[in-house]
Every structure is written in structure tokens, then in C-alpha cells.
Amino acid sequence: MGVFANQRVVVVQKKRIEGEALMCISKESWKRAAKVLTPAAFKLYLYLAENDDGHVLGPSQRVVENEIGISKNSYYSAFSELIEKGYITKETGGLYRFSANYDGHGRIV
């Protein structure tokens, strides 16, 4: 994957759930996220959650807009909201970690 200056890089972190869903997130996790996230943030949550554990991606605003239909402003607001709600944590530089299975209390379930 090529990374550009000032590009955010996200590493997906989630439990592997056998035989439940193609996205491999529990029903409880996505339903909890749907309750606490705005529609744009929930779309970004699902976009990130569709990737396998450990997958590294650079979700540029333009690619996300083309794939899930959220505007530039909505993308940045949604990314910030995922950070604020604990689904994305910033590590170093432009590296972030996403957890689809966050419980709302700082723990991955």
C-alpha cells in the first residue's frame, strides 16, 4: 500500500467470529455502534469493519466518498466521531487503530 504525506493509516483490530457474518463482527457490536454513532460515522464504521483483523488500509476521503457516499465534511466529522467514541485510537504519527468490538467503556469485547 502506498502512503502519501498527511494520509491517515488505519490498522483494523477485531475478534475473529467464525460462521456468523461476512464482516465478522458480532450483532451486539454493530447494533451498539448503530445506537451511538451518527449515520455517516456508522457508515465509516462498517467500511472499516469489513476488513480482516490486522488489515492495514489508508482510507482517503475521496475513496471513502466513492465507496460509501459520504461527503468530504462528513468523512472528517465521522472519523473524529469514531475517535471521540473510542472506536478509533491514535497511535503514532498518522497511525490509528480501529476496533469494531469496542464496548463503549474503553474495552474491546
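In case you missed it, the structure is sitting above this.
This write-up is about the structure you can find in this document. Source: prediction; values computed, not measured.

1. Topic: the overall build of the chain
- Scanning the chain from terminus to terminus reveals 4 helices and 4 strands.
- Reading the chain from its N terminus to its C terminus gives the helix and strand order β-α-α-β-α-α-β-β.
- Looking at the chain as a whole, 40% of its 109 residues are labelled buried.
- Pairs at least 24 apart in sequence give 61% of the contacts found in the chain among residues at least 6 apart.
- About 6,400 Å² of surface is accessible on the chain, with carbon and sulfur atoms providing 52% of the total.

2. Focus: helix α2 (residues 39-49)
- Burial within α2 is extensive, with 8 of its 11 residues counted as buried.
- Those residues of α2 that sit buried are Ala40, Ala41, Phe42, Leu44, Tyr45, Tyr47, Leu48 and Ala49.

3. Comments concerning the packing of aromatic side chains
- Taken as a whole and assessed by the stated rule, the structure comprises 7 aromatic pairs.
- Both rings, one in Tyr75 and one in Phe79, keep their centres 6.1 Å apart while their planes meet at 45°; by these two values the pair is tilted. Residue Tyr75 and its partner Phe79 are located together in helix α4 (residues 72-84), separated by 4 residues, close to a single helical turn. There is no split in this pair, since Tyr75 and Phe79 are both buried.
- Their ring planes at 90° and their centres at 5.1 Å tell us that Phe79 and Tyr96 sit as a pair that is edge-to-face. Within this pair, whereas Phe79 is found in helix α4, its partner Tyr96 is found in strand β4 (residues 95-99), the two being separated by 17 residues in sequence.
- Judged by its relative accessible area of 8%, Tyr96 falls in the buried class.

Conventions and cut-offs
- Residues numbered from 1 in each chain as written.
- Predicted model: local features only at pLDDT ≥ 70, side-chain atom pairs only at ≥ 80, totals over all residues.
- Heavy atoms only, no water.
- Helix = DSSP H or I, 4+ residues; strand = E, 2+ residues; numbered from the N terminus.
- Buried < 20%, exposed > 50% of the residue type's maximum accessible area, 1.4 Å probe, protein only.
- Contact = heavy atoms within 4.5 Å.
- Areas by Shrake-Rupley, 256 points an atom, 1.4 Å probe, with all protein chains shown as cover.
- Phe/Tyr/Trp six-rings, centres within 6.5 Å; stacked < 30°, edge-to-face > 60°.

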